[in-house]
Amino acid sequence: MTNKYMYFIANWKMFGSLSSLNSVTKVVRFLKNFKKNKFLKIIYCPPNTLIYPLSKKLMKSRIDIGAQNCHEQESYGAFTGSINSFMLKNVGAKYVIIGHSENRHAGESDKMINKKIKSALKTGLKIIFCIGETIHERRKKNTKSVLSKQIRLGLMNIKNKKDIIIAYEPVWSIGTGIIPKLDDLSKIIYFIKRKVRNCKILYGGSVNPKNLDKLKFIKNIDGYLVGGASQDSKKFIDIIKKTYN
Ligand code: PEP
């Protein structure tokens, strides 16, 4: 049982249509009646097409909305297919995920991530900054050096980190059903907390109601970034319930 303030962030990735928003209604209803609701923050990060309708739907709730990425330039520009942080804020986003491994894999560099974070902060969005090592880096025992580099370059010249949440997402854990050993995970979260003081540190990677029975014993985690399981409102609610049981 915990009374700690926890974040539950739903990353829907490239899934969801207007009809998917019905499932959020169940989560809104659950949150209203949940006794521990003062101790948690739910943030939905749907695809950009759903930010506006979801923000209308959640207007009277305590649930916030985030985007999954943004362009690094905060003003308008000739960047076909891109959306900047200002445009996301304009349609209801309060947060934005930056540095997700799927985008790093697609070519996003630490330098670009740093630019995006600065631009989104300037716009007034809060940041969910993802870091994590690949299986190859882990096998070579480079996890700590990889994380240090991602943190150093991603947060370069950003003094005020109060609007930054860090999500530790080992790449080998995303979508695989595998989670780190609890002891290893607790040590890594501690390592990150010492590197970036005063930031909330979340865990992400195959979080589901079953493995939450284990994860909830890691006391230094400030919440979860949930991919696949967040699209199923029952699973998402179960993750929240189990955290507080
Ligand atoms: C993610 O992509 O941020 C994630 C955590 O995915 P999953 O929960 O599906 O592993």
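Cut-offs used in this document
Residues numbered from 1 in each chain as written. Predicted model: local features only at pLDDT ≥ 70, side-chain atom pairs only at ≥ 80, totals over all residues. Heavy atoms only, no water. 1 Å grid on protein atoms, 1.4 Å probe; cavity = no way out; pocket = protein on both sides within 12 Å on 5 of 7 lines; lining within 4 Å. Points joined across faces, edges and corners; volume = space filled by probe spheres on them. Helix = DSSP H or I, 4+ residues; strand = E, 2+ residues; numbered from the N terminus. Nonpolar A, V, L, I, M, F, W, Y, C, P; charged D, E, K, R; others polar. Pairing = 2+ DSSP bridges. Axes fitted to C-alpha atoms, helices over the stretch in contact; angles between N-to-C directions. Buried < 20%, exposed > 50% of the residue type's maximum accessible area, 1.4 Å probe, protein only. Near = heavy atom within 4 Å. Polar contact = N/O pair within 3.5 Å; in protein donor to acceptor, adjacent residues only side chain to side chain. Areas by Shrake-Rupley, 256 points an atom, 1.4 Å probe, with all protein chains shown as cover. Expected span 1.5 Å × (residues − 1). Arc of directions from axis to C-beta. Contact = heavy atoms within 4.5 Å. Phe/Tyr/Trp six-rings, centres within 6.5 Å; stacked < 30°, edge-to-face > 60°.

Asks: Explain empty space enclosed by the protein to me, please; I cannot follow it from the model alone.
Replies: Remark: the empty space left among the atoms is shown by a probe the size of a water molecule rolled over them. Counted by the stated rule, this structure contains 1 cavity of 30 Å³ or more. Every residue along the wall of the largest cavity is listed here: G99, S101, R104, C130, I131, G132, Q150 and E169. Counting only elements with at least two residues in the lining of the largest cavity, the list comes to α4 (101–105) and β5 (126–131). In terms of residue class, the lining of the largest cavity is made up of 2 nonpolar, 4 polar and 2 charged.

Asks: Help me understand the sheet that holds strand β3 (residues 64–67), please; the structure alone is not making it clear to me.
Replies: To summarise the sheet geometry, strands pair through backbone hydrogen bonds and adopt either a parallel or an antiparallel arrangement. A barrel is described by the order of its strands in space; here 8 strands give the closed sequence β1-β2-β3-β4-β5-β6-β7-β8, paired in parallel fashion. Neighbour-to-neighbour, the strand axes of the sheet open up by a mean angle of 25 degrees, direction not taken into account. Two elements, strand β1 (residues 6–11) and strand β2 (residues 40–45), share 6 bridges in a ladder whose sense is parallel. Of the residues in β2, the one forming a bridge with I9 is I43.

Asks: Explanation requested: unusual backbone geometry in the structure shown.
Replies: The bulk of non-glycine residues show a negative phi, and the bulk of peptide bonds are trans. The backbone of K13 shows a phi angle near 50 degrees, a positive value even though the residue is not glycine. With a relative accessible area of 18%, K13 lands in the buried category.

Asks: Looking at this structure, I do not really get the site of the ligand. What am I missing?
Replies: Around the ligand sit 13 residues in total, of which K13, H100, E169, G175 and S206 are the nearest. Within the backbone of G175, a nitrogen or oxygen atom sits 2.7 Å from an oxygen atom of the ligand. For the ligand, an oxygen atom lies 2.9 Å from a polar atom in the backbone of G228. Coverage of the ligand by the protein amounts to 94% of the 290 Å² it exposes when considered alone. Within the shell around the ligand, the residues separate by chemical class into 3 nonpolar, 8 polar and 2 charged.

Asks: Please clarify how helix α10 (residues 233–244) should be interpreted in this entry.
Replies: Note that an α-helix has 3.6 residues per turn; residues three or four places apart therefore point the same way. Over its 12 residues, α10 runs 17 Å from end to end, which matches the ideal 16 Å to within 8%, given 1.5 Å per residue. Within the sequence span of α10, burial applies to S233, F236, I237, I239, I240, T243 and Y244. Buried residues of α10, viewed axially, fall in a sector of 150 degrees; they line one side. Where the residues of α10 are buried, they touch β1, α1 (22–33), β2, α9 (212–215) and β8 (223–226). At the N-terminal boundary of α10, the capping side chain belongs to D232, with an oxygen 3.0 Å from the backbone nitrogen of K234.

Asks: Teacher, can you tell me more about the environment of S85 here?
Replies: Secondary-structure assignment places S85 in helix α3 (residues 85–90). By relative accessible area, S85 is classed as buried at 0%. For the pair formed by S85 and Q73, sequence separation is 12 residues and the distance between their alpha carbons is 8.0 Å. In this view, S85 contacts C70, E74, S119, A120, T123 and L125; residues no more than four positions away in its chain are not counted.

Asks: Which parts of the structure should I look at to understand the environment of G227?
Replies: Checked against the element boundaries, G227 lands in the loop between β8 and α10. When its relative accessible area of 18% is taken as the criterion, G227 is described as buried. Measuring from C-alpha to C-alpha, the distance between G227 and I9 comes to 8.4 Å, with 218 residues separating the pair along the chain.

Asks: Is there a simple way to explain the packing of aromatic side chains in this structure?
Replies: Centre-to-centre distance and the angle between the planes together describe a pair of aromatic rings. As enumerated under the stated definition, the model contains 8 aromatic pairs in all. Arranged with centres 6.2 Å apart and planes meeting at 45 degrees, the rings of F8 and Y224 form a pair that is tilted. Here the residue F8 occupies a position in strand β1, and Y224 occupies one in strand β8, the gap between them amounting to 216 residues. Judged on exposure class, the residue F8 and its partner Y224 are both buried. Arranged with centres 6.0 Å apart and planes meeting at 80 degrees, the rings of Y76 and F86 form a pair that is edge-to-face. Here the residue Y76 occupies a position in the loop between β3 and α3, and F86 occupies one in helix α3, the gap between them amounting to 10 residues. A relative accessible area of 38% places F86 in the partly exposed class. An aromatic cluster of three or more residues is present, and its members are F8, F30, F34, Y224 and Y244.

Note that all results are geometric; they support no functional claim without further evidence.
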